[in-house]
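# Observations on chain architecture
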Amino acid sequence: MLDHRARSALQTERLCLRPLAPADAPRLAALANDFDVVKTTGGMPFPYTLANADGFIRRATEADPDREVHFAVDLAGEGPVGCVGFYAHEAPRGHEITAPELGYWLGQPFWGLGIATEMLAAVMAWARDDWAKRCVIACHQQDNAASGAALIRAGFLYTGRVEALPCKARGEAVAVRWMVWLA
């Protein structure tokens, strides 16, 4: 059994999902400094700088592992190609579920290769078996059908809730579709 407090690595056929490290910052900043990548997230700005990556990695490594866990996504032969993690999510008024929220991104050269599907299968099994979570929420922007499809393959279901949430990169609110995963 993996100890989430130690933030152990998860191994798949092609991927190593491992704790983020300060040395990852230049590579992650370069991949995330792409409007097409960050426009699919809520909290990542554009341009995305080395300081943004350093700050994210610092916050992720200092987070309480009972509430928040983040992984670098290493592709064999490539190094880090993105990030995946679980954020502490307190249900706002009108939401019925308080659960960790899943978020992820991959650099554009690595889209369409099945990496999201492989990565999500691994982290959701870990969340269930090792982190002992029985419910996880996620959302994707309504215009990002590929992310919705990857989340469905990982076992997420649509809740029927659609709302506009801020997107830092776009500088405006964007419609998102909420999903839930139950162990």
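For the structure, check the block above.
These numbers were taken from a predicted model, which means no experiment stands behind them.

Turning to the overall build of the protein chain, a few remarks are in order. Broken down by element type, the protein chain carries five helices and eight strands. Taken from the N to the C terminus, the helices and strands of the protein chain come in the order β-β-α-α-α-β-β-β-α-β-α-β-β. Oriented by its inertia axes, the alpha-carbon framework of the protein chain measures out at about 40 × 40 × 30 Å. Looking at the protein chain residue by residue over its 183 residues, the buried ones come to 47%. Long-range contacts, defined here as pairs at least 24 residues apart, represent 62% of the contacts in the protein chain between residues at least 6 apart.

If you look at the biggest cluster of nonpolar residues, it comprises 52 residues, and the most contacted ones within it are Leu 102, Met 119, Val 123 and Phe 156. Counting residues per element, this core draws most heavily on helix H4 (residues 115-129), at nine residues. Cys 135, Val 176, Trp 178 and Val 180 belong to the second-largest nonpolar core, a separate cluster that totals six residues.

With that out of the way, let us pick up unusual backbone geometry. Note on backbone geometry: most residues besides glycine have negative phi, and most peptide bonds are trans. Phe 46 connects to Pro 47 through a cis peptide bond whose omega is 0 degrees. Tracing the backbone through its elements, the reader meets Pro 47 in the loop between helix H2 (35-38) and helix H3 (50-62).

Time to look at the pairing of strand E8 (residues 172-182). Relative to E8, strand E6 (residues 135-141) is paired through seven bridges, and the arrangement is antiparallel. Paired with Cys 139 across the two strands is Trp 178, which belongs to E8. When strand E7 (residues 157-167) meets E8, the two strands line up antiparallel, connected through eight bridges. Note on E8: the bridge partner recorded for Ala 164 is Ala 175.

This part is about the pairing of strand E4 (residues 79-87). The buried count for E4 comes to seven of nine residues, which makes it a mostly enclosed element. With seven bridges connecting them, strand E3 (residues 69-75) and E4 associate as antiparallel partners. Residue pairing across strands places Asp 74 opposite Pro 80, the latter belonging to E4. With antiparallel pairing between neighbouring strands as the criterion, E3 and E4 make up a hairpin whose turn holds three residues, including Gly 77 at a positive phi of roughly 80 degrees.

A separate point is helix H5 (residues 145-153). Since one α-helical turn is 3.6 residues long, residues separated by three or four positions face the same way. Restricting attention to buried positions, one finds in H5 the residues Ser 147, Gly 148, Ala 150 and Leu 151. For H5, the angular spread of the buried residues around the axis is 160 degrees, confining them to a single face. Among the exposed residues of H5, those oriented more than 90 degrees off its buried face are Ala 145, Ala 146 and Arg 153. Elements that come into contact with the buried residues of H5 comprise strand E5 (101-106), H4, E6, E7 and E8. Among the residues trailing H5, Gly 155 stands out with phi positive, at a value near 105 degrees.

Following the criterion strictly, the structure yields eight salt bridges and no others. When the shortest N-O distance is used, the salt bridge between Glu 118 and Arg 14 registers 2.7 Å. Taken together, the residues Glu 118 in helix H4 and Arg 14 in the loop between strand E1 (10-11) and strand E2 (15-18) connect sequence positions 104 residues apart. For the salt bridge of Asp 129 with Arg 128, the shortest nitrogen-to-oxygen distance reads 2.7 Å.

What follows covers the environment of Ala 30. Within the secondary structure, Ala 30 is located in helix H1 (residues 25-32). Its relative accessible area of 57% is what places Ala 30 among the exposed residues.

The rules we used
Residues numbered from 1 in each chain as written. Predicted model: local features only at pLDDT ≥ 70, side-chain atom pairs only at ≥ 80, totals over all residues. Heavy atoms only, no water. Helix = DSSP H or I, 4+ residues; strand = E, 2+ residues; numbered from the N terminus. Buried < 20%, exposed > 50% of the residue type's maximum accessible area, 1.4 Å probe, protein only. Contact = heavy atoms within 4.5 Å. Core = buried A, V, L, I, M, F, W, Y, C linked by side-chain atoms within 4.5 Å. Pairing = 2+ DSSP bridges. Arc of directions from axis to C-beta. Salt bridge = Lys/Arg side-chain N within 4 Å of Asp/Glu carboxyl O.

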